[in-house]
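If you want the building blocks of each chain, they are given just below.
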Amino acid sequence: MRLLVILLLAVSIKARHIEKECKGIVVNDVLQKEEILKTHVMSPYQLAIDYDTNTLFYSYSTEDTNVFQSAYLNLKTNEFGSIHGIAGGFANAVDNKKNTVYLGGRDGIYEFNYNSKTAHRLNITDDNIWQLIYKDKLYYSKYPEEHAYVFQNGRFERVPELMNTRAMLLCVDDYNNIYFSNSSGLFIHKKANDAVIHIGDFNVNGFTYDVHGDIFFSTPDGIFSIDVAKKEVKNVANIENVSVYGVAIDITGNVIYASEDSIIRLRPTAKICPTDADTVRFD
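Rules used throughout
- Residues numbered from 1 in each chain as written.
- Predicted model: local features only at pLDDT ≥ 70, side-chain atom pairs only at ≥ 80, totals over all residues.
- Heavy atoms only, no water.
- Helix = DSSP H or I, 4+ residues; strand = E, 2+ residues; numbered from the N terminus.
- Rg over C-alpha atoms; globule rule 2.2 N^0.38 Å.
- Buried < 20%, exposed > 50% of the residue type's maximum accessible area, 1.4 Å probe, protein only.
- Contact = heavy atoms within 4.5 Å.
- Areas by Shrake-Rupley, 256 points an atom, 1.4 Å probe, with all protein chains shown as cover.
- Lys, Arg positive; Asp, Glu negative; His and termini not counted.
- Charge placed at Lys NZ, Arg CZ, Asp CG, Glu CD.
- Disulfide = S-S within 2.5 Å.
- Pairing = 2+ DSSP bridges.
- Axes fitted to C-alpha atoms, helices over the stretch in contact; angles between N-to-C directions.
- Salt bridge = Lys/Arg side-chain N within 4 Å of Asp/Glu carboxyl O.

## Section: the overall build of the protein
When helices and strands are counted, the protein shows 1 helix and 27 strands. Computed over the C-alpha atoms, the radius of gyration of the protein is 20 Å, within 12% of the 19 Å expected from 2.2 N^0.38 for a compact globule of 283 residues. Here the protein holds 283 residues, and 52% of them are scored as buried. Once local pairs closer than 6 in sequence are excluded, the contacts in the protein between residues at least 24 apart make up 44%. Total accessible area on the protein stands at roughly 14,700 Å², and carbon and sulfur atoms take up 49% of it. Positive and negative side-chain charges of the protein, numbering 28 and 36 respectively, have mean locations separated by a distance of 6 Å.

Here it is, written out as structure tokens:
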């Protein structure tokens, strides 16, 4: 048994080589290789993945920068297309249990049709949608008011916990704690005691979940994760020399991020680059 353990350790060490100097993006102490998924796409934003079809949904700015368009990108086949039938496509969310894709526009919420590759409007709201996210229920934020809504009791209602605060972006954990952001930073509304806590001055521009339901978010400077059990925010990756516009996590756990004009997937290499990842605690 001891010999087996030694052999396994030797294989592991051989597979991962510790670097003295690392150049590039490091995720969880592993140097990454950038895989360009899509180029020449202006300001890709609000990334969301349908894990059943391995399809990434996002919005982007057209040549007329006042017009937003929804799009899809199959991560396996690289099939790409703009989604027609939606007015000002800006927000994207996926119910991965029912494999339903929701898209937000300036006049409400739409559902994506895989057969026609178009969107049809759902007559459930006519609000100008800023963000969509799905966690057991469908949530959205309204622009420019920064009000948060949730679909329950057969209709959309203001999120009760956020009635007295602004929420440009939000997400919910497994304990029904609500994380939300506005121009003042990142906050948490704690379900247990109905308290709102300021986590930090993060300029959040996107929330997402991985396939396990763990929470990640992006800022212009990098990618972060929220460890609900440890009650801390961890800096997963610093992205230097470019501005990050959004983040998603693919089905195998690889980070996908949007830059000013591209969508990029990070794939781990065999090089270990130990880092002192910044963390922020919240209680």
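Okay, back to it.
## Some points on the state of the cysteines
Enumeration over the complete set of coordinates arrives at 1 disulfide. Between the sulfur atoms of cysteine 22 and its disulfide mate cysteine 273 the distance is 1.8 Å. Handedness of the cysteine 22-cysteine 273 disulfide follows from its S-S torsion of about -95°: it is left-handed. Of the two residues, cysteine 22 is situated in the loop between strand 1 (17-18) and strand 2 (26-27) and cysteine 273 in the loop between strand 26 (262-272) and strand 27 (279-281); the sequence distance between them amounts to 251 residues. The class of cysteine 22 is partly exposed, set by a relative accessible area of 31%.

## Some remarks on the sheet that holds strand 7 (residues 80-82)
Here 4 strands make up an open sheet; going across it, the order is 4-5-6-7 and the pairing antiparallel. Each edge of the sheet is formed by a strand with only one pairing partner; in this case those strands are strand 4 (42-50) and strand 7. On average, each strand axis in the sheet is inclined to that of its neighbour by 25°, with strand direction left out of account. Alignment of strand 4 against strand 5 (residues 55-61), held across 5 bridges, turns out to be antiparallel. Bridge pairing in strand 5 links alanine 48 to phenylalanine 57.

## A word on the pattern of salt bridges
Applying the stated rule across the entire model yields 12 salt bridges. For aspartate 136, the salt bridge identified is with lysine 97, shortest N-O distance 3.8 Å. Within this pair, whereas aspartate 136 is found in the loop between strand 12 (129-135) and strand 13 (137-142), its partner lysine 97 is found in the loop between strand 8 (91-95) and strand 9 (100-105), the two being separated by 39 residues in sequence. Through salt bridges with shared partners, a single ionic network connects Glu35, Asp250, Arg265 and Arg267.

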